[in-house]
Every structure is written in structure tokens, then in C-alpha cells.
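Structural characterization, general
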Amino acid sequence: MPSVRVICANWILPVSSPPIRNGAVAITADQIVAVGDRVSVLDTLSTTGSDLAVEEHPHATIIPGLINAHTHLEFSHLQAPLGHKGISLPDWIAHVMGVRGETDADSKRDSIQSGLKELYETGTVAVGEISTFPTTAVADYSIDACQFHIHKTLFLEQLTRNLELLPQRGAEAAAHLNQRCIGLGLSPHAPYSTHPDLLKQIVDLAIERNAPLAMHVAETKEELELLESRSGKFVELLQKLGVWKADSFGDKDSIDNIIEQLGRHNRSMLVHGNYLNDRQLQRISELKITVVFCPRTHAWFGHDQYPLARMLELGINVAIGTDSRASNPDLNLLEELRLISQTHPNVLPETILSLGTRCGAIALGVDQRFGTLEIGKGSAIGVIDSDKDEHDPWWWLTGKQAASVLR
Ligand SMILES: [Zn+2]
């Protein structure tokens, strides 16, 4: 007889259906086998002859495991974000380059491992991670060791505005995708660092290999200024780094072209999108591109109000990311949801939870296993504990408790 754990809790928030008071989720080692109110779940299971282990969590709220759609774990050792609140992205990138200069392969791997541990300890079960060359999925991310039980999608970051380097970038991308593990994607870095021909090459390969894509787009006003008038702080930064190539910028260097390129593939994520206009948002909706919103990173840079409500109105799949500890004090996704609830009071709490669970799972292509509490989904579920009998299913949006993964 199969052994079934029955997790009974004050609240069950399946995301795919309304909150359940005094509910239960029944799981086997790898699958959800029942969800509902406590009495009916126990009644149903008692007729199956299964060996039941009933666990009482009288004050807890059970949620799907959280999905963090965008991180850079190589910065997980940082104790505080770089720079100061309201810093411009070009100035912040100069700080990032400084940190990179102090990192070797061992410290990078240690940082990634500490990031994975932090994600797991705050209830995250799947992550979309930007990995930088040189990196190997097995060694740096313990893909085969299954430590912390987090599903990882590793997007290899690619950038250059030097067309002579395109064959080399192509070989690196192919080598990344040829690693023997699941969850491998590609990340054309950003408009200011990625030549449109490199972007096209990456999108072509991603389509050919059915690999997911993630690109930082429309993140700052300085990025738009660079693309529109070849001026501003990004020009100064690129000059300082010795990589400014004015003649490498042409008609195809536009947010519109990048959206069209990403839209050629059905597994594209546009990260940030802080400064997209309404026509571009409509096009993103038509092309079914996922947008990744990083709320606390957005706040760190002091950007204008995020067009979240409009994106949701247009039916865009919006996933949530922490981004890295270089622009965020920690990797706790629940804190991102709490900030959304403070800064977007008109977005319903059930929608906010779905952004950090179901929408993230869709974005990473792992929604068969993650994102909702439904029969047949995986058993990686999240718990938010309280010390009292909460009457509101959304109490945790104003609380301080971290989520954890049910062990
Ligand atoms: Zn990022």
C-alpha cells in the first residue's frame, strides 16, 4: 500500500482554486494526490487503503512552492545591495564590475551554493538563473547532487557588440545547451551590450533547441536614451570600459525590434520592462512574451511606478524575480510579493500569489510540476507558519514570516 502524507492546515491556497479553510493536501513522495477540505480529503483517502500519515499544522498556511524567475546567484555572498538607493544602472554596473574583479571560480561557486540554500530556506522550489561564462551546470549548481531540491533553469548570459565574436558566442551557447542536464536556456544580456545580430543568432539557436530565453529590456531611462539618441550615461560607461562602438548601433537597436525578436520564440522572458510604452505592452501581450518583474530591485533603483496593473489587464504572463543580492538585500520571494501588495493595492492578493507561483512556473516551462496545488502536480509545497489562528487567508502579505519548503 502506498504511503500518503496528509498535511492538514488552517489555510490551503491552491492558486488554481479559492482558499480552503481547515484544508488538507495529500502527497506521496513526488506527487499531490488530494487537495480539499480536511474532512473530505481524509474521507476519500480512507477508502483507498493507503497508509496515511496525518500531520497537523493548525496555524499554518500551505501554498505552492515559490518560483523565482530571475536571479544572478553569483552575487549571493553580498551582505547589502551595491551603491545607494536611487543609483543609476550605469553607475551600479561599475560597482558590479568591481565585485566581479574580486571573484575567482571557487568563490563564485560558493556564492551560488549559498544563494541556492537561501532560496530553498525561504520557500523557493524553482529558479530562473542567469549564469555567466565560464560556468558548468553540474559543478557550480550541483545539478546532479540534487542539493536543496530546487529546479534550476540556467540561462547562459551572452553579450558583445563586436561582430567578430559571433562565432565564438555561438560555440559557447551550443556547449552550454549540450550539457547533460535539463533546464538550460540562453540570455542575451541587454540592449546596450548585445548586438542585434547576436540577439538574432541566440534566438535562432533557442528556437532550434527549444531552449528558454531571458533578456533584460527597457530597464532604465538611460537605456532608452542610448537607443534613441546614442547619448547619456551608458555611452560614458561603455567608453570607460573601452567597448563603446558608436558604429555598432543602428536601426535594429530599438526596443520594438527586440520585442519582435523575442516574440519569434514561444519561450521568451523579457526581464524588467520598467519603461515599456502601451503599444509595446500590447505587442508583448500579442506575442505571448512573459515579463519578469523584480519589485525590490525596481525600488532600489527608484524607477517610476511599474505598469503591473496594465500588464495584467492585457493578459501578459507576469512572473516575479528577486534579481540578485547586488540590488536586493536577500533572495526571499515572499518579500517581493509583500512589496507588490504595498505598492499595487488594487492588485488582488490571489493574483499576487499567482505571480510568484503559477506565472513563474509557466515562464520557466515547469508548470506541469509546479505553480499550483492540484492533483498530479509535484509535492514541492510551501508552508508559512503563524503562531495563531489566522482568519484572513492573505494574512501573510502583511506579516514578516518567511515561507519554507515542506520537508
Ligand atoms: Zn538581472
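This text goes with the structure placed above it.
These numbers were taken from a predicted model, which means no experiment stands behind them.

Examining the overall build of the protein
Check the secondary structure of the protein and you find 14 helices and 14 strands. What you see for the protein is a C-alpha radius of gyration of 22 Å, in line with the 22 Å of a compact globule of 407 residues. Once the C-alpha set of the protein is aligned to its principal axes, its extents read approximately 70 × 45 × 40 Å. Looking at the protein as a whole, 59% of its 407 residues are labelled buried. Within the protein, contacts between residues at least 6 apart in sequence are counted, and of these 74% link residues at least 24 apart.

Section: helix H3 (residues 105–121)
Between the first and last C-alpha of H3 there are 24 Å, a value that for 17 residues agrees with the 24 Å anticipated at 1.5 Å per step. Residues of H3 that are buried include every one of Lys 108, Ser 111, Ile 112, Gln 113, Gly 115, Leu 116, Glu 118, Leu 119 and Tyr 120, and no others. You can read the cap of H3 off the contacts: a side-chain oxygen lies 3.2 Å from the backbone nitrogen of Asp 106, and it is on Asp 104. Phi turns positive one or two residues past the end of H3, at Gly 123, with a value near 90°.

Digging into the coordination of the zinc ion
Coordination of the zinc ion by the protein comes from His 70 (NE2), His 72 (NE2), His 216 (NE2) and Asp 323 (OD), over a distance range of 2.0 to 2.7 Å. Taken together, the 4 donor atoms coordinating the zinc ion and their angles of 83 to 170° define a geometry best described as irregular. All donors of the zinc ion come from a single chain, and their spacing in sequence reads H-x1-H-x143-H-x106-D. Taken together, the positions of His 70 in strand S5 (residues 66–71) and Asp 323 in the loop between strand S12 (318–320) and helix H13 (333–343) put the pair 253 residues apart, joining distant regions of the chain. A residue is classified by how much of its surface remains accessible, and His 70, at 1% relative accessible area, is buried.

A word on the state of the cysteines
Taken as a whole and judged by the stated rule, the model has 0 disulfides. Of all cysteine sulfurs in the structure, the one in Cys 294 sits closest to Cys 359, which takes part in no disulfide; the separation is 14 Å.

Digging into the packing of aromatic side chains
Aromatic ring pairs are reported here in terms of the distance separating the ring centres and the angle at which the planes meet. For the coordinates displayed, the defined rule picks out 5 aromatic pairs. Look at Phe 293 and Tyr 306: their rings are 3.7 Å apart centre to centre, the planes differ by 5°, and that puts the pair in the stacked class. With a gap of 13 residues between them, Phe 293 in strand S11 (residues 290–293) and Tyr 306 in the loop between helix H11 (295–300) and helix H12 (308–313) connect regions that are remote in the sequence. With a relative accessible area of 3%, Tyr 306 lands in the buried category. Taking NZ or CZ as reference, Arg 161 lies 3.6 Å from the ring centre of Phe 249, over its face.

Structural notes on the packing of helix H7 (residues 221–229) against helix H8 (residues 233–240)
Helix packing for two helices is described by the angle between their axes and how far apart those axes are. Running from amino to carboxyl end, H7 crosses H8 at an angle of 85°, the nearest separation of the two axes being 7 Å. Between H7 and H8, the interaxial angle falls into the category roughly perpendicular. Facing H7, whose interface residues are Glu 222, Glu 223 and Leu 226, H8 presents Lys 233, Phe 234 and Val 235. Grouping the constituent residues of the contact of H7 with H8 by class yields 3 nonpolar, no polar and 3 charged.

Remarks on the pattern of salt bridges
Applying the stated criterion to the full structure yields 24 salt bridges. Between Lys 233 and Asp 91 there is a salt bridge whose closest N-O contact spans 2.7 Å. Pair noted here: Lys 233 is in helix H8 and Asp 91 is in helix H2 (residues 89–101), with a separation of 142 residues, a long-range link. For Lys 233, a relative accessible area of 32% translates into the label partly exposed. Overall, Asp 91 belongs to the partly exposed group, its relative accessible area being 35%. Within the structure, one salt-bridge network assembled from shared partners comprises Lys 200, Asp 204 and Arg 264.

Things to note about the layout of surface pockets
Of the voids in this model, the largest pocket is the one considered here, and its volume is about 1,100 Å³. Only H2, H3, strand S7 (151–158), helix H5 (166–177) and H8 provide two or more residues apiece to the lining of the largest pocket. Here the lining of the largest pocket gets 6 residues from one element, more than from any other, and that element is H2. One number sums up the size of the second largest pocket: a volume of about 650 Å³. Looking at the second largest pocket, it is lined by 25 residues, and the ones nearest its centre are His 149, Arg 369, Phe 370, Ser 379 and Ala 380. When contributions to the lining of the second largest pocket are tallied by element, the ones reaching two or more residues are strand S1 (3–12) and S7. Considering each element in turn, the lining of the second largest pocket owes the most residues, 3 residues, to S1. Grouping the constituent residues of the lining of the second largest pocket by class yields 14 nonpolar, 6 polar and 5 charged. Two domains share the lining of the second largest pocket, each providing at least three of its residues, namely domain 1 (3–64 + 371–405) and domain 2 (66–364).

A look at the side chain of Ser 88
As for its placement among the helices and strands, Ser 88 is situated in the loop between S5 and H2. Not counting chain neighbours up to four residues away, the residues in contact with Ser 88 comprise Glu 222, Lys 233 and Phe 301.

Focus: the nonpolar core
Core analysis: the biggest nonpolar cluster contains 105 residues, and Trp 92, Leu 337 and Trp 396 have the highest contact counts within it. For this core, the leading source of residues is helix H14 (residues 349–364), giving 7 residues. Here this core spans two domains, and each of domain 1 (3–64 + 371–405) and domain 2 (66–364) adds at least three residues to it. The residues touching Leu 337, leaving out its near neighbours within four places in the chain, are Leu 66, Ile 320, Ile 352, Leu 353, Gly 356, Trp 396 and Leu 397. Core analysis: the next-biggest nonpolar cluster, separate from the first, contains 13 residues, Ile 7, Val 25, Ile 27 and Ile 381 among them.

About the criteria used
- Residues numbered from 1 in each chain as written.
- Predicted model: local features only at pLDDT ≥ 70, side-chain atom pairs only at ≥ 80, totals over all residues.
- Heavy atoms only, no water.
- Helix = DSSP H or I, 4+ residues; strand = E, 2+ residues; numbered from the N terminus.
- Rg over C-alpha atoms; globule rule 2.2 N^0.38 Å.
- Buried < 20%, exposed > 50% of the residue type's maximum accessible area, 1.4 Å probe, protein only.
- Contact = heavy atoms within 4.5 Å.
- Expected span 1.5 Å × (residues − 1).
- Polar contact = N/O pair within 3.5 Å; in protein donor to acceptor, adjacent residues only side chain to side chain.
- Donors = N, O, S within 2.8 Å, 3.2 Å for Na, K, Ca; no water.
- Tetrahedral: all angles 85-135°; square planar, octahedral: opposite > 155°, others 65-115°.
- Disulfide = S-S within 2.5 Å.
- Phe/Tyr/Trp six-rings, centres within 6.5 Å; stacked < 30°, edge-to-face > 60°.
- Lys NZ or Arg CZ within 6 Å of the ring centre and 35° of its normal.
- Axes fitted to C-alpha atoms, helices over the stretch in contact; angles between N-to-C directions.
- Parallel < 35°, antiparallel > 145°, perpendicular 65-115°, else oblique.
- Nonpolar A, V, L, I, M, F, W, Y, C, P; charged D, E, K, R; others polar.
- Salt bridge = Lys/Arg side-chain N within 4 Å of Asp/Glu carboxyl O.
- 1 Å grid on protein atoms, 1.4 Å probe; cavity = no way out; pocket = protein on both sides within 12 Å on 5 of 7 lines; lining within 4 Å.
- Points joined across faces, edges and corners; volume = space filled by probe spheres on them.
- Domains from an automatic or database assignment.
- Core = buried A, V, L, I, M, F, W, Y, C linked by side-chain atoms within 4.5 Å.

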